[in-house]
Amino acid sequence: MMKLSRSLLSSRNLLSEKLLIGKANDVKDALQPHALMSQAGMSTTSQAVSGRVFAPYSVYKGKAAFSVDPVLPTFTKMDSGFLRVKRKGVILLTFWPAIGERKYNWEKRQKFALSPTEVGSLITMGPNDSSEFYHDPGMLSSNAGQVRKSLSIKALADGNGYFISLNVSNNILKTSERLVVPVTAAEFAVMKTACSFALPHLMGWDRLTNQLPQSGPERSSKVDPRYLDVEWDK
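Residues numbered from 1 in each chain as written. Predicted model: local features only at pLDDT ≥ 70, side-chain atom pairs only at ≥ 80, totals over all residues. Heavy atoms only, no water.

- Under an unreviewed UniProt entry, the name given to the protein is Single-stranded DNA-binding protein WHY2, mitochondrial, and the organism recorded is Melia azedarach.

Written as structure tokens, this is what we have:
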């Protein structure tokens, strides 16, 4: 019986490893791009965490899902030795469509980056308010006007939630996509609270007010390669 139990345990461990390596399809696997990157460790205690940590807030619904991630600013070192914000942080919303029950297609994800000012608009929304944001990812290139993105947040008639939708029109690829995720008042409250907490960090003010140790331009300017162009890589 002992040998049989060990054999079953070994088989289960092997199966678990295969599931982690497999393609992200269901709700749990959809989190793998984040979960696998955060194996350095996350804790609710004051213990220090080494390595990059990804802790997205995700909402999964029938036809689509989205996650909310803070992307911190980058810094450059001036001749005086002080650090200056080179690029402000953003709140990155990543949407991906459903391809079945509890299954989502990560490869067809679309991104929308909220600036600090746009984050302020989201934070101040009331239960009956609506907001809409428009982006042209190629506005500083020869592709200006070819790709248009709009993020719409509209309150439900009963005031108990919102419809969050992302529309992407790509004249280069001749495609048009619309991803809609309904959120409850509680889910939106989590988003607003998280964004409010992250806002000073997006602006780099946490370094100013907390007088955090300056670790030099090389270390402080590192950003995960996935975020270098944020939404402008689509």
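**Details of the overall build of the protein**
Reasoning step 1: Across its full length, the protein holds seven helices and eleven strands.
Reasoning step 2: Relative to its full complement of 234 residues, the protein shows a buried share of 36%.
Reasoning step 3: Summarising the internal contacts of the protein: among those between residues at least 6 apart in sequence, 52% fall at separations of at least 24.
Reasoning step 4: For the protein, the computed accessible surface area is about 14,600 Å², with 56% contributed by carbon and sulfur atoms. (Helix = DSSP H or I, 4+ residues; strand = E, 2+ residues; numbered from the N terminus. Buried < 20%, exposed > 50% of the residue type's maximum accessible area, 1.4 Å probe, protein only. Contact = heavy atoms within 4.5 Å. Areas by Shrake-Rupley, 256 points an atom, 1.4 Å probe, with all protein chains shown as cover.)

**Overview of the environment of Val 85**
Reasoning step 1: The residue Val 85 is located in strand E4 (residues 83–87) in this model.
Reasoning step 2: Residues Val 85 and Pro 73, twelve residues apart in the sequence, show an inter-C-alpha distance of 6.8 Å.
Reasoning step 3: In this view, Val 85 contacts Pro 73, Thr 74, Phe 75, Met 203 and Gly 204; residues no more than four positions away in its chain are not counted.

**Regarding helix H5 (residues 185–202)**
Reasoning step 1: A rise of 1.5 Å per residue sets the reference length of H5, with its 18 residues, at 26 Å; its end C-alpha atoms lie 25 Å apart and thus fit the reference within 8%.
Reasoning step 2: The largest bend along H5 measures about 30° and falls at Ser 196, with the proline Pro 200 one to four residues further on. (Expected span 1.5 Å × (residues − 1). Bend = angle between axes of the 7 residues up to and from the residue.)

**Examining the nonpolar core**
Reasoning step 1: Core analysis: the largest hydrophobic core is formed by 29 residues, its most contacted members being Phe 66, Ile 91, Phe 95, Leu 114, Ile 164 and Phe 188.
Reasoning step 2: When residues of this core are traced back to their parent elements, those giving at least two are strand E2 (64–71), strand E5 (90–100), strand E7 (110–114), helix H4 (116–123), strand E9 (147–155), strand E10 (161–170), strand E11 (175–184) and H5.
Reasoning step 3: With six residues, H5 is the single largest residue contributor to this core.
Reasoning step 4: With residues up to four places along the chain from it excluded, the contact list for Ile 91 reads Val 68, Asp 69, Pro 70, Phe 112, Ala 113, Leu 114, Val 119, Cys 195, Ala 198 and Leu 202. (Core = buried A, V, L, I, M, F, W, Y, C linked by side-chain atoms within 4.5 Å.)

**Looking at the packing of aromatic side chains**
Reasoning step 1: For the structure shown, the criterion picks out five aromatic pairs.
Reasoning step 2: One aromatic cluster is present, built from ring pairs that chain together Tyr 60, Trp 96, Tyr 104 and Trp 106. (Phe/Tyr/Trp six-rings, centres within 6.5 Å; stacked < 30°, edge-to-face > 60°.)

**Quick notes on the packing of H4 against H5**
Reasoning step 1: Between H4 and H5, the least distance of the axes is 9 Å, while the angle of their chain directions is 145°. Crossing of H4 against H5: the hand is left-handed. Taking contact as the criterion, the partners of Pro 116, Val 119, Leu 122 and Ile 123 in H4 are, on H5, Phe 188, Met 191, Lys 192, Cys 195, Ser 196, Leu 199 and Leu 202.
Reasoning step 2: Tallied by class, residues from the contact of H4 with H5 come to nine nonpolar, one polar and one charged. (Axes fitted to C-alpha atoms, helices over the stretch in contact; angles between N-to-C directions. Left-handed = near helix turned anticlockwise from the far one by under 90°. Nonpolar A, V, L, I, M, F, W, Y, C, P; charged D, E, K, R; others polar.)

**Thoughts on the sheet that holds E10**
Reasoning step 1: Taken together, the four strands give an open sheet; going across it, the order is E8-E9-E10-E11, and neighbouring strands pair in antiparallel fashion. With one partner strand each, in any of the chains shown, strand E8 (131–135) and E11 form the two edges of the open sheet. Neighbour-to-neighbour, the strand axes of this sheet turn through a mean angle of 10°, independent of strand direction.
Reasoning step 2: In this sheet, E10 lies alongside E9 in antiparallel orientation, the contact comprising nine bridges. Within E10, the residue paired with Lys 154 across the bridge is Phe 163.
Reasoning step 3: Taken strand by strand, H5 contacts E9, E10 and E11, and its axis lies near 105° from that of E11. (Pairing = 2+ DSSP bridges.)

**Let's talk about the side chain of His 135**
Reasoning step 1: Mapping His 135 onto the fold places it in strand E8.
Reasoning step 2: Residue classification places His 135 among the buried residues on the basis of a relative accessible area of 12%.
Reasoning step 3: Separated by 3.0 Å, the side chains of His 135 and Glu 118 make a polar contact. (Polar contact = N/O pair within 3.5 Å; in protein donor to acceptor, adjacent residues only side chain to side chain.)

**Remarks on the confidence of the model for the protein**
Reasoning step 1: Put simply, the protein has an average pLDDT of 77, and 68% of its residues get 70 or more.
Reasoning step 2: Across residues 1–47, confidence stays below pLDDT 50; counting only partners more than four residues off in sequence or on other chains, it has 43 contacts.
Reasoning step 3: In the model, residues 216–221 has pLDDT below 50 throughout and makes twelve contacts with residues more than four positions away in sequence or in other chains. (pLDDT = per-residue confidence, 0-100.)

**Overview of unusual backbone geometry**
Reasoning step 1: The residue Arg 102 is not glycine, and still its phi comes out positive at about 60°.
Reasoning step 2: Taking relative accessible area as the criterion, Arg 102 reaches 53% and is therefore assigned exposed.
Reasoning step 3: The phi torsion at Lys 174 lies on the positive side, around 60°, for a residue other than glycine.
Reasoning step 4: Relative to the assigned elements, Lys 174 resides in the loop between E10 and E11.
Reasoning step 5: Note on Lys 174: relative accessible area 71%, which makes it exposed.

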